[in-house]
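Each chain is listed here by its residues.
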Amino acid sequence: MIKFINATKKYGRKVVALDNLNLHIRPGEFVSVVGRSGTGKTTLVKALIGEECLDKGQVMVGGWDITRVRQSEVHILRKQIGVIFQDFKLLPNKTLYENVAFAMEVCGKKSSKIRDIVPQLLKIVGLQNKVNRYPHEVSGGEKQRAGIARSLVHQPKILLADEPTGNLDSINADEIIELLLKINKFGTTVVLVTHNREIVNRLRKRVVTIENGTVAHDQVVGKYVL
Ligand SMILES: Nc1ncnc2c1ncn2[C@@H]1O[C@H](COP(=O)(O)OP(=O)(O)OP(=O)(O)O)[C@@H](O)[C@H]1O
Ligand SMILES: [Mg+2]
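Residues numbered from 1 in each chain as written. Chains lettered and ligands numbered in written order. Predicted model: local features only at pLDDT ≥ 70, side-chain atom pairs only at ≥ 80, totals over all residues. Heavy atoms only, no water.

Under the defined criterion, the tally for this structure stands at zero aromatic pairs. Its guanidinium or amino end placed over the ring of F85, K89 lies 5.1 Å from that ring's centre, counting from NZ or CZ. (Phe/Tyr/Trp six-rings, centres within 6.5 Å; stacked < 30°, edge-to-face > 60°. Lys NZ or Arg CZ within 6 Å of the ring centre and 35° of its normal.)

Take the environment of I2 next. Tracing the chain through its elements places I2 in strand β1 (residues 2-11). The class for I2 is buried, based on a relative accessible area of 0%. As for I2 and I183, which are separated by 181 residues in sequence, their C-alpha atoms are 18 Å apart. (Helix = DSSP H or I, 4+ residues; strand = E, 2+ residues; numbered from the N terminus. Buried < 20%, exposed > 50% of the residue type's maximum accessible area, 1.4 Å probe, protein only.)

This paragraph deals with the pairing of strand β4 (residues 56-61). In the sheet, β1 pairs with β4 via five bridges, with the strands oriented antiparallel. In the sheet register, F4 faces β4, and the bridge partner there is V59. Relative to strand β5 (residues 64-65), β4 is paired through two bridges, and the arrangement is antiparallel. Paired with M60 across the bridge in β5 is D65. (Pairing = 2+ DSSP bridges.)

Another aspect to go through is the site of ligand 1. In the vicinity of ligand 1, the contacting residues are Y11, V15, A17, R36, S37, G38, T39, G40, K41, T42, T43 and H195. One of the backbone nitrogen or oxygen atoms of G38 is found 2.7 Å away from an oxygen atom of ligand 1. A distance of 2.7 Å separates an oxygen atom of ligand 1 from a polar atom in the side chain of K41. The protein chains hide 60% of the 640 Å² of surface that ligand 1 would expose on its own. At the level of secondary structure, the elements contributing two or more residues to the shell around ligand 1 comprise β2 (15-25) and α1 (41-48). (Near = heavy atom within 4 Å. Polar contact = N/O pair within 3.5 Å; in protein donor to acceptor, adjacent residues only side chain to side chain. Areas by Shrake-Rupley, 256 points an atom, 1.4 Å probe, with all protein chains shown as cover.)

This next bit is on the pattern of salt bridges. Applying the stated criterion across every chain, the model contains 10 salt bridges. With its nearest N and O atoms 3.5 Å apart, the salt bridge here joins R70 to E73. A relative accessible area of 24% means that E73 is categorised as partly exposed. For the salt bridge of R145 with E175, the shortest nitrogen-to-oxygen distance reads 3.7 Å. Here E175 lies in helix α6 (residues 170-185) and R145 lies in helix α5 (residues 140-151), a separation of 30 residues in the sequence. The exposure class of E175 is partly exposed, given its relative accessible area of 37%. What emerges from the salt-bridge pattern is a single network uniting E29, R206 and D218. (Salt bridge = Lys/Arg side-chain N within 4 Å of Asp/Glu carboxyl O.)

Here is the structure:
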């Protein structure tokens, strides 16, 4: 599903964010990516969605070589990957419903389809009673759940979550992780970047530890080892 082959990314001359990194993630896996600040985790995520280009090596996603994909084809690839962020990135002047709907509108989806899908997604994440609230009218956990609903609009094969619980208290964080596990059970490959030791240890799933831009540990049922 995801393959990094000798991936190297430098920022300027001195900062080596990814250093010959090799990583293979199979379809349907749930992988936690951990590591100290500045070790390259977000760069890894950005390389996966084509937001940063590698200096060397390859990133394969579902058989596509991202490093070679044509500009005109990027949008096809991007639909296969849902992303959620630490700071939610919701549009403040749109309701939760409109935030999710907007992700479909910009891709030219029919309004009948949008009216059909958006309530379903908001129900999956437990926001059916808050669809008309604005982001500032809901809790952090609810904002993140709206972010997850939005990330699912194209039924992605992969869900990338970069510190999705970083701004949440532990109860809300647990709910978000439960949701990610549920989405994974439906078959979506989940990559969770996190600093949360407790969550990682409780998950008892694969843990990849990044150090200095490369994979330092890769454990099938891993623990947070830093
Ligand atoms: N746009 C940029 N320009 C220059 N250097 C950058 C840029 N983005 C990241 N870096 C540097 O690249 C390295 C890896 O950064 P990255 O954001 O991938 O780390 P991270 O593991 O996600 O850290 P954190 O846990 O703090 O989020 C760091 O040294 C960082 O300072
Ligand atoms: Mg980061």
